[in-house]
Amino acid sequence: MDRFYQAAAGVLISVVLGIFLSREGKEMTLVLSLVVCCMVFAVVAGYLKPVLELLGNLRQMGNLQNEMLQIMLKAAGIGLISEISVLICNDAGNAALGKVLQILTTITLLWLAIPLVNSLLELLQQIMGEV
């Protein structure tokens, strides 16, 4: 939890610094935001290991296929990266690119879900065939 508090403090300090840097130009504020985002990603990476271990245990207990679990993890990662990227686009004053990125993310997640939907349909067909 200490890393979380340190990262949160770093984010808040960067917000204050960003206010002062915005007087100099928007470019420096954007660079500061990108650096802080990278710092937060480094903190997040440390928290992911136990989460991945838990998911591995759930996979074994529930007899889940690796591919299905990978799809769910990819979808979560895509969603998080997209959200941060959209916020950076908005901060940079380019909301149109942020919206396009949201559309791209939605379509990518739908494409990524195709194997899950196909598995669900196969399961439904098996259930209906057994009735």
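The preceding data block contains the structure.
Residues numbered from 1 in each chain as written. Predicted model: local features only at pLDDT ≥ 70, side-chain atom pairs only at ≥ 80, totals over all residues. Heavy atoms only, no water.

This next bit is on the overall build of the protein. Looking only at helices and strands, one finds 5 helices and 0 strands in the protein. Start at the N end of the protein and walk to the C end: the helices and strands fall as α-α-α-α-α. Its C-alpha radius of gyration of 20 Å places the protein more than 25% over the 14 Å reference for a compact globule of 131 residues. Taken along the three principal axes of its C-alpha coordinates, the protein extends 70 × 35 × 15 Å. Taken across its 131 residues, the protein has 15% of its residues classed as buried. (Helix = DSSP H or I, 4+ residues; strand = E, 2+ residues; numbered from the N terminus. Rg over C-alpha atoms; globule rule 2.2 N^0.38 Å. Buried < 20%, exposed > 50% of the residue type's maximum accessible area, 1.4 Å probe, protein only.)

With that out of the way, let us pick up helix H3 (residues 66–91). Note on helix geometry: an α-helix contains 3.6 residues per turn, so any two residues three or four positions apart are oriented the same way. For H3, which comprises 26 residues, the first-to-last C-alpha distance of 38 Å matches the rise-based estimate of 38 Å (1.5 Å per residue) to within 8%. Restricting attention to buried positions, one finds in H3 the residues Met68, Leu69, Ile71, Ser82, Val86, Ile88 and Cys89. Residues of H3 that are buried in the fold lie against helix H2 (26–62), helix H4 (95–112) and helix H5 (114–130). Remark: Gly93 follows H3 within two positions and exhibits a positive phi of approximately 85°. (Expected span 1.5 Å × (residues − 1). Contact = heavy atoms within 4.5 Å.)

With 18 residues, H4 extends 25 Å from end C-alpha to end C-alpha; this agrees with the ideal 26 Å at 1.5 Å per step. All of the buried residues along H4 are Gly98, Thr105 and Leu112. Buried positions in H4, seen along its axis, are confined to an arc of 45° and lie on one side of it. Along H4, exposed side chains directed more than 90 degrees from the buried face belong to Ala96, Lys99, Val100, Ile103, Leu104, Ile107, Leu110 and Trp111. Of the surrounding secondary structure, the elements contacted by the buried residues of H4 are H3 and H5. (Arc of directions from axis to C-beta.)

The next subject is the packing of H2 against H3. At a closest axis distance of 11 Å, the pairing of H2 and H3 adopts a crossing angle of 165°. The pairing of H2 with H3 is recorded here as roughly antiparallel in orientation. As H2 packs across H3, the resulting crossing turns out to be right-handed. Residues Lys26, Leu30, Ser33, Leu34, Cys37, Phe41, Leu52, Leu55 and Arg59 of H2 touch H3, and the partners they reach there are Asn66, Leu69, Leu73, Ile84, Ile88 and Asp91. When the residues that make up the contact of H2 with H3 are grouped by side-chain class, the tally is 10 nonpolar, 2 polar and 3 charged. (Axes fitted to C-alpha atoms, helices over the stretch in contact; angles between N-to-C directions. Parallel < 35°, antiparallel > 145°, perpendicular 65-115°, else oblique. Left-handed = near helix turned anticlockwise from the far one by under 90°. Nonpolar A, V, L, I, M, F, W, Y, C, P; charged D, E, K, R; others polar.)

Attention now moves to the state of the cysteines. Put plainly, a disulfide is one covalent bond tying together the sulfur atoms of two cysteines. Across all of its chains, the model carries 0 disulfides by this definition. Residue Cys38 stays outside any disulfide, its sulfur separated by 7.0 Å from that of Cys37, the closest cysteine. Here Cys89 is not disulfide-linked; the sulfur of Cys37 is the nearest cysteine sulfur, at 11 Å. (Disulfide = S-S within 2.5 Å.)

Glancing now at a nonpolar patch on the surface. Where nonpolar side chains cluster on the molecular surface, the patch consists of Phe41, Val44, Leu48, Val51, Leu52, Leu73 and Ile81 and spans about 560 Å² of accessible area. Among the secondary structure elements, those contributing two or more residues to the nonpolar patch are H2 and H3. Along the polypeptide, Val51 turns up in helix H2. Overall, Val51 belongs to the partly exposed group, its relative accessible area being 42%. (Patch = residues over 30% accessible without salt bridge, like charges linked within 9 Å, V, L, I, M, F, W, Y side chains within 5 Å. Areas by Shrake-Rupley, 256 points an atom, 1.4 Å probe, with all protein chains shown as cover. Salt bridge = Lys/Arg side-chain N within 4 Å of Asp/Glu carboxyl O.)

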